[in-house]
Structure formats: structure tokens, C-alpha cells
Amino acid sequence: MPREKLRELQSERLKTTVKRVYENVPMYKKRFDDMGLLPGDIKSVDDITKLPFTTKQDLRDNYPYGLFAVPMDDVVRIHASSGTTGKQTVVGYTKNDLAVWGEVMARTLGAGGITKSDIGHISYGYGLFTGGLGGGIGSETVGCATIPASTGNTKRQVTILRDFKPTFILCTPSYALTIAEFLEENSIPVSEISLKAGFFGAEPWTAAMRKEIESRLKLKAYDIYGLSEVIGPGVAYECELQNGLHVNEDHFFLEIIDPDTGLPVPDGTSGEIVFTCVTKEALPLIRYRTRDVGTRMTGLCGCGRGFVRMTKPAGRTDDMLIIRGVNVFPSQIEAVLMESENVAPFFQMIVDREGNADRLTVLVELTDENFSDEIRGLQEITADISESMRSMLGISVKVKPVPPKSIARFEGKAIRIIDNRKDVIF
Ligand code: DLL
């Protein structure tokens, strides 16, 4: 579709969505009214900057269904993403939203050469996380035989890969390397599996990691980006040129803003990624601030697609960590430590990449009483804290006790996170 036609379509869809949220979502009605804005003031996407932003906090404040723009009768699916203490971000889909999800995911797979003759192995988690069912709906929309393998049990995954002969896989990039490692450790030649393409995302990964996955699994590795609030995987995807991610702009309107001023930045400049869902029915978020950092690339892609490209998300503007695909906030760690009488409320999170997997170590500061305690006592304390963290976050965390007062104190914002993976992210 020519760019001008696309812009017309986006404008029409935006106007419909703005009207829908004004009429059906009390938060948006109040925000528009407070700003003296009427739906009719939005005449095209050129007016988008007149609209208010939506943040993750808005989703939390309206937990669980307060931002839904349709009655629950019309909602057919709920997903949620892990968030800070207890409150997850809840998202909903109508039948039509699921059809759109299938379509944008089908485009994603199609751009990687997938056709209905292929067999898909989906190793993202099936459940509240959008990865599994999102991958599945895309694969089925293309018409592929789809294997909902979900996560874990690498031995079983490899048996499926060898016996069922899927031709493409969806999983996190780090899990792709775990599979490669399993094959190597068990002397299984890669020729026994038939993967030609992999669609990897849900966490940041590097160009170096792409090369490694491609050479060890003998497939072409595509980046796939998305977030539950917008739809899940399938918001943006790579084509065969693997040079930036095409945004499914007819459904998700992209803006890049300066996170401090909220003003748009020029193309080619990095900033916070903002999306407006122009076709979503159940949860049409307006100018949703993703906290992901990216750049809108200039010029169109050599592949011939008209959709604009964004760079691989380079990180986040907030302090959310993604460890093995799971979102972790420092406030969650803090919440666990506050429950323990044995440690001071000072901590630091260190993230490393050990082999292919992210590893989170939490340095916890002992109290004076415990510091002089026997080793056995210390082991019990750290085991207790590790267990609480595991049950809150769903991933294992290494807890390392350190002497009292050894963690730096800050007068302004505390630096809680040392992310040693950062230097490998481009
Ligand atoms: O991670 C959806 C997804 C599933 C995307 C499978 C791709 C594949 P959430 O759990 O809501 O949804 O987490 C969204 O993950 O804001 C980014 O910070 C990060 N993220 C997702 N894809 C990528 C990527 C899913 N390709 C958050 N590169 C987003 C870097 C990514 N970060």
C-alpha cells in the first residue's frame, strides 16, 4: 500500500478508536474533558500529539478491566504480564482482536519465508504470557501444522524437534542457544533437526547472539518484537534483509518521543517507543509509553514493504529487568527483603550472562546480629530469601549475603542494578 493511502487508513482508524475510547473508557473521557479535547478534534494522525499518553501505571490504576472499551461479554481472551508486587498488567481481546493478532503474526512468519507447508514449534510459554498463544495463532493463521510445545524440558523439546520435524521455531533467543547446547552435549547432529527459521524475541538480544544461533542451529534467526499491552508478539518483525523491524503500522501507530519532554524526536534519533492501537477493540491504548528505547529508521526497506522500520529495542527507560524472558522489577526484590528480619533493606541486583542464560544475583546486606552468626545460620537465611524470590518471580535468583554497610548508600536515586549484559547490547 502506498504511504499516503496507509496514512489515510491510519487516520480513519485513529478517529474511530478515539471516539470509541471517549465513549467507553471513563479514564479517557475524563482525560479528554480535562484537556478540553473532543474526539472530533482528531482529524488525522497528524493530530495524534494532541492526545494524552497512557502509561503502565494507568493499567495498574484501572486493574484489572478498567480500561477495556467493550463489555466483558465481547471479551474472549485474557492475558497478563508479570508486574510489580502482585499487580499484573491485564489485557483482553475480542474475537476480532484475535483475528488481528493472527494476521500480524502471520505477516511476521511470512516475512521469514514461512508458508502453510511448514511445521511450527512454539516454545514460548503457553499461559497468561502472550508468547505461546500469540505464536500459535500466527502459525495457525498461516495454515501451518502447529506444535504447542511451550517451555522447559529441553530433552523433550529436542525429541519433538527430531521426531516431528518442525521447520521453524519460536522461543527466546537464549533458549535457542540452550537447545543448541543440548544437541552438542548429546552428540546429536544438527542435521537431525529440520529448522530453517527461528523467530526470537521477548528479551533483548544482540547481533553477536544472532550469528551464534544461526551458525549453531543452521537456521535463519529473525527478531520479533511486541508487548502484551499492545497485542503481544507481532507488533514488529524482521524481513529477510534482517535490517530493522517492520512495524505493523496499519494496526499499531508508532511514535518515538523524548522520554523527558514527551515531544516527538526526528527520525533516526533514539527515544522512547510509543504505540497507539488503532484497530484494537477490547483494549485500544492511546499513545502507550512502552519504556522501550528505539529509533524510527529513515527510508524504506529494500524488501519492498511499505511499513516503517524501527531499530531493535536497545533497552528500557525504566528499571525493569528481563531475566530469561521474565520481567523483574527492583521493587519486587525489595518487597521480599522487607519481609525478612535478617537483612537490612539495602540491596543490589547484578545481572550477568552465564553461558546462554541470564543470571540474577542479589547482594543482600546482613544485619550486625547476623553477620557474626554461624555459617549454617547464614545459609538458612539466604535459602529462605532465595525461595521467597523464586516464588514471587518464578525464576531462581542467587542470593549473596554481604557484610553490614557494605552496599553503597545514595542521597538521590539508589543505583540498584548493575547490568553486566549491557555492554554486549548494541
Ligand atoms: O514479551 C511479547 C513477546 C513474546 C514478544 C514473544 C516477542 C516474542 P511482555 O511480556 O509484555 O510481552 O514484555 C514486553 O519485552 O516491552 C520489551 O522490553 C521486551 N521485548 C519484547 N520483544 C523484544 C525484542 C512479550 N525482540 C517487553 N527485543 C517489551 C528486545 C523485547 N526486547
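Residues numbered from 1 in each chain as written. Predicted model: local features only at pLDDT ≥ 70, side-chain atom pairs only at ≥ 80, totals over all residues. Heavy atoms only, no water.

Visitor: Whenever I open this one, the pattern of salt bridges confuses me. Can you help?
Guide: A side chain with one charge can pair with a side chain of the opposite charge if their charged atoms come near. Evaluated as defined, the whole model comprises 27 salt bridges. A salt bridge links Glu23 to Lys19, with the shortest nitrogen-to-oxygen separation between them at 3.3 Å. Here Glu23 pairs with Lys19, and both are found in helix α1 (residues 3-24), just 4 residues apart, close to one helical turn. Among the residues examined, Lys19 registers a relative accessible area of 44% and is labelled partly exposed. Glu212 serves as the salt-bridge partner of Arg216, at 2.6 Å between the closest nitrogen and oxygen. Here Arg216 and its partner Glu212 are both found in helix α8 (residues 207-217), 4 residues apart, which amounts to about one turn of the helix. Linked through salt bridges whose partners overlap, the residues forming this network are Arg353, Asp358, Asp419 and Arg421. (Salt bridge = Lys/Arg side-chain N within 4 Å of Asp/Glu carboxyl O. Helix = DSSP H or I, 4+ residues; strand = E, 2+ residues; numbered from the N terminus. Buried < 20%, exposed > 50% of the residue type's maximum accessible area, 1.4 Å probe, protein only.)

Visitor: Which parts of the structure should I look at to understand the nonpolar core?
Guide: Nonpolar side chains in soluble globular proteins tend to end up buried together. Formed by 62 residues in total, the largest nonpolar core has its most connected members in Leu51, Phe199, Tyr225, Phe275 and Met310. Among the elements that take part in this core, helix α4 (residues 95-111) stands out by supplying 6 residues, more than any other. When near neighbours in sequence (up to four residues on either side) are disregarded, Met310 contacts Tyr225, Ala236, Gly244, Leu245, Val247, Leu254, Ile273, Phe275, Thr295, Arg296 and Met297. One finds Ile323, Val328, Leu337 and Val351 within the second-largest nonpolar core, a separate group that totals 23 residues. (Core = buried A, V, L, I, M, F, W, Y, C linked by side-chain atoms within 4.5 Å. Contact = heavy atoms within 4.5 Å.)

Visitor: I tried to follow unusual backbone geometry on my own but got confused; where do I start?
Guide: The phi torsion of most residues other than glycine is negative, and most of the peptide bonds are trans. Note that the residue after Tyr63, namely Pro64, is joined by a cis bond; omega there is -10°. You can see Pro64 is positioned in the loop between α3 (56-61) and β1 (77-81). Positive phi, normally seen in glycine, also occurs at Arg287, with a value near 45°. Among the secondary structure elements, Arg287 is positioned in the loop between β11 (270-277) and β12 (288-295). Phi at Arg324 takes a positive value of approximately 50°, unusual for a residue other than glycine. Here Arg324 shows up in the loop between β15 (321-323) and β16 (326-328).

Visitor: I keep staring at the site of the ligand and nothing clicks. Help me out?
Guide: Asp223, Ile224, Ser228, Asp292 and Arg316 are the nearest of the 21 residues found near the ligand. Between the ligand and the protein, one listed contact pairs a nitrogen atom with a backbone N or O atom of Ala202 at 3.1 Å. At 2.5 Å, a side-chain N or O of Ser228 approaches an oxygen atom of the ligand. Starting from 600 Å² of accessible surface for the ligand in isolation, the protein chains cover 96%. Of all elements in the fold, only α5 (130-142) and β7 (220-227) reach the threshold of two or more residues within the shell around the ligand. Here the shell around the ligand gets 5 residues from one element, more than from any other, and that element is β7. (Near = heavy atom within 4 Å. Polar contact = N/O pair within 3.5 Å; in protein donor to acceptor, adjacent residues only side chain to side chain. Areas by Shrake-Rupley, 256 points an atom, 1.4 Å probe, with all protein chains shown as cover.)

Visitor: Before we go on, may I ask you to explain the packing of helix α7 (residues 173-185) against α8 in this structure?
Guide: For any two helices packed against each other, one specifies the crossing angle of their axes together with the interaxial distance. Contact geometry for α7 and α8: axes closest at 10 Å, N-to-C directions at 35°. Along this stretch, α7 crosses α8, giving a crossing that reads as left-handed. Together, Pro173, Ser174, Ala176, Leu177, Ile179, Ala180, Glu181, Leu183 and Glu184 of α7 and Met209, Glu212, Ile213, Arg216 and Leu217 of α8 make up the contact between the two elements. A breakdown of the residues in the contact of α7 with α8 according to their chemical character gives 9 nonpolar, 1 polar and 4 charged. (Axes fitted to C-alpha atoms, helices over the stretch in contact; angles between N-to-C directions. Left-handed = near helix turned anticlockwise from the far one by under 90°. Nonpolar A, V, L, I, M, F, W, Y, C, P; charged D, E, K, R; others polar.)

Visitor: Explanation requested: the pairing of strand β17 (residues 343-354) in the structure shown.
Guide: Within a regular strand, side chains alternate between the sheet's two faces. Sheet topology places β17 next to strand β18 (residues 357-366); 9 bridges connect them, and they run antiparallel. Directly across from Arg353, in β18, lies its bridge partner Asp358. Between the antiparallel neighbours β17 and β18 lie 2 residues, among them Gly355 with a positive phi of about 65°. (Pairing = 2+ DSSP bridges.)

Visitor: Just checking my understanding: could you explain α5 for this structure?
Guide: An α-helical segment advances 3.6 residues per turn. Residues three or four places apart therefore align on the same side. A rise of 1.5 Å per residue sets the reference length of α5, with its 13 residues, at 18 Å; its end C-alpha atoms lie 18 Å apart and thus fit the reference within 8%. Among the residues making up α5, those that are buried are Thr130, Gly131, Gly132, Gly134, Gly135, Gly136, Ile137, Gly138 and Ser139. Looking at the residues trailing α5, positive phi occurs at Gly143, about 105°. (Expected span 1.5 Å × (residues − 1).)

Visitor: I'm lost on the packing of aromatic side chains in this one. Help?
Guide: Ring pairs (aromatic) are described by centroid distance and by the angle formed between their planes. With the rule as written, the count across this model stands at 8 aromatic pairs. The interplanar angle of 70° and the centroid separation of 6.4 Å between the aromatic rings of Tyr124 and Phe129 together place this pair among those described as edge-to-face. Taking 6.1 Å as the distance between ring centres and 90° as the angle between the ring planes, the aromatic pair formed by Phe168 and Phe199 counts as edge-to-face. In this pair, Phe168 sits in strand β5 (residues 168-171) while Phe199 sits in strand β6 (residues 197-201), placing the two residues 31 residues apart along the sequence. Ring-pair connections join several aromatic residues into one group, and the members of that group are Phe168, Phe199 and Tyr222. Lying over the aromatic face of Tyr93, Lys280 brings its terminal NZ or CZ to 5.9 Å of the ring centre. The ring of Phe53 has Arg289 lying over it, and the distance from NZ or CZ to the ring centre is 5.2 Å. (Phe/Tyr/Trp six-rings, centres within 6.5 Å; stacked < 30°, edge-to-face > 60°. Lys NZ or Arg CZ within 6 Å of the ring centre and 35° of its normal.)

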